[in-house]
Amino acid sequence: MTVQLLLALVPIALLIALGWWLRQRAFLSEHFWPQAERLGYYILLPALFLHGLASAQLDGVPVAAMVTTLIVSLLVVSALLVLLRHRLPVGDAAFTSVFQGGVRFNNYVGASVAVGLFGAQGIALAAVATATIVPTVNILCVLVFARYGSIQSPSLLHLLRHLFTNPLVVGCFIGIVLHVSGLGMPAGIGPALKALGQASLPLGLLCVGAALDFSTLRSWLRPVAIASVAKFLVLPLATLAACRVFGLQGPAAIAALMFQALPTASSSYIMARQLGGDAPLMAGIIATQTVLAALALPLAVMAALA
């Protein structure tokens, strides 16, 4: 399994490196990358998860145990970060970036690795993980911004709107409804959504590479290190413990642990700008964690197999 993971990571690393190279060489217009990210986030990735959940064979997937494992581990690590807030050598705005770096995940990398490891089942596992983690971390992050961000605290209505209009949440919800109702994918629509979903992974990984910016890293070594320890050590350990407690095993356990060891999402930078966080620090955390994930992901899988 470890060899399979390493082989699955090779094309991911190559696509990320290609995206970085294309951005550095200005091969494409600067206006291309924000539009590509928007297309992937609002259309392509939701299509992948919608189709994956609607057509998934979840009979052998312990959905309840997987969902519980992911939520409990996220809540434990989030509570730990908040409790340690006053002991961390960062300001309030910087703490919001550290928090995001400790709990958010990159959907593109996760879905790509899951498909590389488990094929069609990987899409179903990735969709279940996404449907669980995305709402959870969005609620947690918005609450942290409400407390520590420099912009006025968002209202409950704003929080609910932010959650229920999230394209990934919407895509997963529709996919779950189609699956549970037995309707499945309507004739003619399924192939179109499948094609859109397949396009999401290479485009998304190119965008991940294009977003890498190491220029601010040296100024933020300590908070970047704190966020990365939380993401790649504390959260996977909490997830591993939750797997043992809730009896989660097999591919579902590997997927759960892998998703919790993913680098933080590039969309964290946008949230930091919009809600009064430390955007330059967030950029440094994203760049560093994207590189560190090449080591963290194999270690997480080996821990799940132990």
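Peer 1: Outline the overall build of the chain, supporting the account with residue identities and numerical values.
Peer 2: Helix and strand counts for the chain come out as 13 helices and zero strands. The order of α-helices and β-strands along the chain, N terminus first, is α-α-α-α-α-α-α-α-α-α-α-α-α. The C-alpha radius of gyration of the chain comes to 18 Å, within 12% of the 19 Å expected for a compact globule of 306 residues. Reported as C-alpha extents along the three principal axes, the dimensions of the chain are approximately 50 × 50 × 45 Å. Out of the 306 residues in the chain, the part that is buried amounts to 53%. Counting every atom, the chain has about 13600 Å² of accessible surface; 69% of that belongs to carbon and sulfur. For the chain, the centre of its 14 positive side-chain charges and the centre of its 6 negative side-chain charges are spaced 5 Å apart.

Peer 1: How would you sum up the nonpolar core? Please name residues and give values.
Peer 2: Core analysis: the largest hydrophobic core is formed by 86 residues, its most contacted members being Phe49, Met66, Val113, Phe259 and Leu297. With 13 residues, the single largest contributor to this core is helix H6 (residues 120-148). Those residues in contact with leucine 297 that lie beyond four places of it in its chain are Leu5, Leu9, Val109, Val113, Met258, Ala261 and Leu262. Membership of the second largest hydrophobic core comes to eight residues, among which are Leu22, Leu44, Leu203 and Leu206.

Peer 1: Explain the environment of leucine 292 residue by residue, including any values.
Peer 2: Inspection of the secondary structure puts leucine 292 in helix H13 (residues 279-305). Residues leucine 292 and proline 263, 29 residues apart in the sequence, show an inter-C-alpha distance of 7.8 Å. When residues no more than four places from it in sequence are discounted, the contact partners of leucine 292 are Ser228 and Phe232.

Peer 1: For the packing of aromatic side chains, give the residues involved together with the corresponding values.
Peer 2: As enumerated under the stated definition, the model contains five aromatic pairs in all. Look at phenylalanine 95 and phenylalanine 99: their rings are 6.3 Å apart centre to centre, the planes differ by 50 degrees, and that puts the pair in the tilted class. In this pair, phenylalanine 95 and phenylalanine 99 both sit in helix H4 (residues 92-103), four residues apart, roughly one turn of the helix. In terms of burial, phenylalanine 95 and phenylalanine 99 fall into one category: buried.

Peer 1: Could you give an account of helix H11 (residues 250-260), with specific residues and numbers?
Peer 2: Counting buried residues in H11 gives nine out of eleven residues, a clear majority hidden from the surface. The secondary structure elements touched by the buried residues of H11 are helix H3 (63-83), helix H5 (107-118), H6, helix H10 (221-246) and H13.

Peer 1: Hey, could you go over the side chain of threonine 136 for me, with residue numbers and the actual values?
Peer 2: Tracing the chain through its elements places threonine 136 in helix H6. Apart from the residues lying within four places of it in its own chain, the contact partners of threonine 136 are Ile71 and Leu74.

Peer 1: Quick rundown of unusual backbone geometry? Include the residues and the values.
Peer 2: Residue alanine 26 is not a glycine yet carries a positive backbone phi of 55 degrees. Locating alanine 26 in the fold gives a position in the loop between helix H1 (2-24) and helix H2 (32-54).

Peer 1: Can you explain the confidence of the model for the chain? Please cite residues and give values.
Peer 2: The share of residues in the chain with pLDDT of 70 or more is 94%, and the mean pLDDT across the chain is 85. For the chain, the element scoring lowest by mean pLDDT is helix H7 (residues 156-164), at 72; H3 scores highest, at 96.

Peer 1: Which residues make up the pattern of salt bridges, and what are the values?
Peer 2: The final tally for this structure, using the stated rule, is two salt bridges. Among the ionic pairs, arginine 23 bridges to glutamate 30, the shortest N-O distance being 2.9 Å. Classification of arginine 23 as partly exposed rests on a relative accessible area of 27%. Between aspartate 92 and arginine 85 there is a salt bridge, with its nearest N and O atoms 2.8 Å apart.

The rules behind the values
Residues numbered from 1 in each chain as written. Predicted model: local features only at pLDDT ≥ 70, side-chain atom pairs only at ≥ 80, totals over all residues. Heavy atoms only, no water. Helix = DSSP H or I, 4+ residues; strand = E, 2+ residues; numbered from the N terminus. Rg over C-alpha atoms; globule rule 2.2 N^0.38 Å. Buried < 20%, exposed > 50% of the residue type's maximum accessible area, 1.4 Å probe, protein only. Areas by Shrake-Rupley, 256 points an atom, 1.4 Å probe, with all protein chains shown as cover. Lys, Arg positive; Asp, Glu negative; His and termini not counted. Charge placed at Lys NZ, Arg CZ, Asp CG, Glu CD. Core = buried A, V, L, I, M, F, W, Y, C linked by side-chain atoms within 4.5 Å. Contact = heavy atoms within 4.5 Å. Phe/Tyr/Trp six-rings, centres within 6.5 Å; stacked < 30°, edge-to-face > 60°. pLDDT = per-residue confidence, 0-100. Salt bridge = Lys/Arg side-chain N within 4 Å of Asp/Glu carboxyl O.

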